[in-house]
Amino acid sequence: MLRTVRDPNLRVFVVWEPVLLTDWHAPGSGAVARIPDARARQFWDPKHLLSAEIRRAAQSNETGVLGERRMHAAVVWDFVALYPPGVRWTAAFPAAQFAGAPVVRVIDDFRQQLLAEGSPRPS
Amino acid sequence: MSPPAPPPRGALASSLAAVLSVLAALSCCLPLGPFLLAAGFAGASGFFLSLQPYVIAFAVLILAFGFAQAFRARKCGRRRRVFNVAVLLCSTGLVAAAILFSFAPLIAPAGQSGVVAFDLASFRESFNAAADRTRIVVLLSPT
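Since this is a predicted model, take the numbers as computed values, not measurements.

Student: Kindly report on the overall build of chain A, identifying the contributing residues and their values.
Tutor: On a plain count of helices and strands, chain A comes out with four helices and four strands. In chain A, buried positions account for 35% of the 123 residues. Of the contacts formed within chain A by residues at least 6 apart in sequence, a portion of 65% connects residues at least 24 apart.

Student: Any details on the overall build of chain B? Residues and values, ideally.
Tutor: A tally of helices and strands in chain B yields six helices and two strands. Its helices and strands taken in sequence order, chain B reads α-α-α-α-α-β-α-β from the N to the C terminus. Relative to its 143 residues, chain B shows a buried fraction of 28%. A separation threshold of at least 6 residues defines the contact pool for chain B, and within that pool the share at least 24 residues apart is 72%.

Student: Which residues make up the sheet that holds strand S1 (residues 115-117) of chain B, and what values go with them?
Tutor: Here we have six strands laid out as an open sheet, ordered S4(A)-S3(A)-S2(B)-S1(A)-S2(A)-S1(B), and mixed in their pairing. Of all strands in the sheet, those bounded by a partner on one side alone are strand S4 (98-100) of chain A together with S1 of chain B. Taking each pair of neighbouring strands and ignoring which way they run, the sheet shows an average axis angle of 20 degrees. The sheet contact formed by strand S3 (residues 79-83) of chain A and S4(A) spans three bridges and is antiparallel. Across the sheet, residue A:Val80 finds its bridge partner in S4(A), namely A:Gly100.

Student: Could you give an account of helix H4 (residues 52-75) of chain B, naming the residues involved and the relevant values?
Tutor: The end-to-end C-alpha separation of H4(B) is 35 Å, in line with the 34 Å expected for 24 residues at 1.5 Å each. All buried positions along H4(B) are accounted for by B:Gln52, B:Val55, B:Ile56, B:Ala59, B:Ile62, B:Leu63, B:Gly66, B:Ala70 and B:Ala73.

Student: Report on the interface of chain B and chain A, specifying residues and quantitative values.
Tutor: Counting residues at the interface gives 36 residues for chain B, matched by 51 residues for chain A. Elements with a contribution of two residues or more to the side of chain B that touches chain A: helix H3 (44-50), S1, helix H6 (120-129) and strand S2 (135-140) of chain B. Per-class residue counts for the side of chain B that touches chain A are 25 nonpolar, seven polar and four charged. Pairing analysis gives three bridges linking strand S2 (residues 40-44) of chain A to S1(B), with the strands arranged parallel. For A:Trp44, the partnering residue across the bridge sits in S1(B) and is B:Ala117.

Student: With reference to specific residues and values, describe the pairing of S3(A).
Tutor: Counting buried residues along S3(A), five of its five residues qualify, which places the element largely inside the surrounding structure. Inspection of the sheet shows S3(A) paired to S2(B) by five bridges, in the antiparallel sense. Bridging across to S2(B), A:Val80 finds its partner in B:Val138.

What counts and what doesn't
Residues numbered from 1 in each chain as written. Chains lettered and ligands numbered in written order. Predicted model: local features only at pLDDT ≥ 70, side-chain atom pairs only at ≥ 80, totals over all residues. Helix = DSSP H or I, 4+ residues; strand = E, 2+ residues; numbered from the N terminus. Buried ≥ 20, exposed ≤ 12 C-beta atoms within 10 Å, placed from the backbone. Contact = placed C-beta atoms within 7 Å. Pairing = 2+ DSSP bridges. Axes fitted to C-alpha atoms, helices over the stretch in contact; angles between N-to-C directions. Expected span 1.5 Å × (residues − 1). Nonpolar A, V, L, I, M, F, W, Y, C, P; charged D, E, K, R; others polar.

Rendered as structure tokens:
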């Protein structure tokens, strides 16, 4: 999907975390190769630190942080969120322009939002 | 004169089972994948990849059983068949290779620095450092 977005300034933060019984070690070459885009940075978060931070922020703004379509698991995973320029993470994890889970269910809406974000803005 | 003792089939069966287990575990990256796809087993690689640790553990157990069977056959005075021993040794080599392969060093995609251990403060710093750009955050399970 990232191939369709030509914006060279795009930044993608991919955070891998153990959720399933089979996640017994950090992602290997096979998993990492699923996101070959040079604009991506990949992380391994075995203690679910980011998930906890997102959950904490969602306590006050669930729809903004987790999106309209979300999963009600203890760990935030299979999750994607889009942040336009200007959004900063200060006290709490910021609300997204678009967020949702599972990825397979929200990917079409996400793509639309991303392409709209990448298109030139009217002045 | 008593009839000759039957060949120890347990060791051979264990070896073959171990080989099959390893092939299943490796099907994500061996040329076996296209063959399975051609045979209509699309998705087999992904399925076996997620089960890789368990399949390799099963292969090791089956191999141990194979060695035990072969050792028992010798203690019982039965002659070991060269073919069975060869299959057992080949299976051991294959399982060892599979275990080494699963711990192989990570090969990062071009332009990336590999997988970085997550640190909340530095992640937040990276997120804010790119505040003038569009950003995507994705949380995924490796399998």
